[in-house]
Amino acid sequence: VTELEDFHLTVKQVNDMPTKTSDIKPIILRSGDVFTLDLSGYFDDVESSTLEFEVIGSDGVTVTPTDENGVFQIKALSNWEGVETLTVRASDGVDTMETEVLVSVTTPPTVVQSSASPGNGLFSSSVWIGITALICISEIGRASCRERV
């Protein structure tokens, strides 16, 4: 003879935090440029298809959310050069997952000095390329360039 007994089992639902599905590649910009970052393909959540996103900026770039969830405009400030680390957060309303993305900003080459001496065929100029200066002096039929760091 086998005796059966009834019992009640309560399963309590537990929230799983969002997960990162892939790394966000570093962003490379020139000063003054704007980049659109769409975070929708980088995170997932098993309970929810809707996540809320936040990107926290820094001193060298500004971060502005667009009207579309998970899409941000990242703008490098004019005349600023360097590397910034942005903090990216994905939340399901209960738990938040956090990661980082690097933003590298370079300044475009600009002409610092340009002069010519009319009549003698001599021309000199200095051009900044990043942090390296390329100085060239050319005379009709001859040219000489020297790189300065």
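As the structure is a prediction and not an experimental result, all values here were calculated from the model.

### Here's the deal with the overall build of the chain
Stage number 1. For the chain, the helix and strand inventory stands at zero helices and 13 strands.
Stage number 2. Listed N to C, the secondary structure of the chain is β-β-β-β-β-β-β-β-β-β-β-β-β in terms of helices and strands.
Stage number 3. By residue count, 23% of the 149 residues in the chain fall in the buried class.
Stage number 4. Sequence-distant contacts in the chain: of pairs separated by 6 or more residues, those separated by 24 or more amount to 48%.
Stage number 5. Entry remark: accessible area of the chain is about 10700 Å², with carbon and sulfur atoms responsible for 51%.

### What about the sheet that holds strand 3 (residues 34-38)?
Stage number 1. The three strands are arranged 3-7-6 in an open sheet whose pairing can be described as antiparallel. If you trace the sheet from one side to the other, it starts and ends with strand 3 and strand 6 (61-65), each paired once. Here the strands of the sheet are splayed against their neighbours by 25° on average, with no regard to which way each runs.

### Overview of the nonpolar core
Stage number 1. Of all hydrophobic cores here, the largest spans 20 residues; its most connected members are Leu 39 and Phe 43.
Stage number 2. Of all the secondary structure elements, the ones that give two or more residues to this core are strand 2 (27-30), strand 5 (52-56), strand 7 (71-76), strand 8 (82-91) and strand 9 (96-106).
Stage number 3. Element by element, the count of residues in this core is highest for strand 9, at four residues.
Stage number 4. If near-sequence neighbours (up to four positions away) are discounted, Leu 39 is found in contact with Ile 24, Phe 53, Val 55, Gly 70, Phe 72 and Val 88.

### Here's the deal with the environment of Ser 104
Stage number 1. With respect to the helices and strands, the residue Ser 104 is situated in strand 9.
Stage number 2. Take Ser 104: its relative accessible area is 25%, and that puts it in the partly exposed class.

### Some points on a nonpolar patch on the surface
Stage number 1. On the surface, a nonpolar cluster with roughly 420 Å² of combined accessible area is contributed by Phe 7, Leu 9 and Val 11.
Stage number 2. Considering the arrangement of structural elements, one finds Phe 7 in the segment before strand 1 (19-20).
Stage number 3. On the basis of relative accessibility, which here comes to 68%, the residue Phe 7 falls in the exposed class.

### Section: the sheet that holds strand 8
Stage number 1. Reading across the sheet, the four strands line up as 2-9-8-5 and stay open at both edges, with mixed pairing between neighbours. The two strands at the open ends of the sheet, each matched to only one other strand, are strand 2 and strand 5. Going from strand to strand, the sheet's axes swing by 25° on average, the running direction of each strand aside.
Stage number 2. Two elements, strand 2 and strand 9, share four bridges in a ladder whose sense is parallel. Looking at the pairing, Ile 28 lines up with Ser 104 of strand 9.

### Observations regarding the confidence of the model for the chain
Stage number 1. Across the chain, the average pLDDT comes to 79, with 72% of residues at or above 70.
Stage number 2. Predicted confidence is poor over residues 125-149, with pLDDT under 50, and the contacts of this stretch with residues over four places away or in other chains come to 52 contacts.

### Regarding the environment of Ile 24
Stage number 1. Within the element layout of this structure, Ile 24 appears in the loop between strand 1 and strand 2.
Stage number 2. Taking relative accessible area as the criterion, Ile 24 reaches 10% and is therefore assigned buried.
Stage number 3. For the pair Ile 24 and Asp 38, spaced 14 residues apart in sequence, the C-alpha to C-alpha distance is 9.9 Å.
Stage number 4. Once residues within four sequence positions are removed from consideration, Ile 24 is found in contact with Leu 37, Leu 39, Tyr 42, Val 88, Thr 99 and Val 101.

Definitions and limits used
Residues numbered from 1 in each chain as written. Predicted model: local features only at pLDDT ≥ 70, side-chain atom pairs only at ≥ 80, totals over all residues. Heavy atoms only, no water. Helix = DSSP H or I, 4+ residues; strand = E, 2+ residues; numbered from the N terminus. Buried < 20%, exposed > 50% of the residue type's maximum accessible area, 1.4 Å probe, protein only. Contact = heavy atoms within 4.5 Å. Areas by Shrake-Rupley, 256 points an atom, 1.4 Å probe, with all protein chains shown as cover. Pairing = 2+ DSSP bridges. Axes fitted to C-alpha atoms, helices over the stretch in contact; angles between N-to-C directions. Core = buried A, V, L, I, M, F, W, Y, C linked by side-chain atoms within 4.5 Å. Patch = residues over 30% accessible without salt bridge, like charges linked within 9 Å, V, L, I, M, F, W, Y side chains within 5 Å. Salt bridge = Lys/Arg side-chain N within 4 Å of Asp/Glu carboxyl O. pLDDT = per-residue confidence, 0-100.

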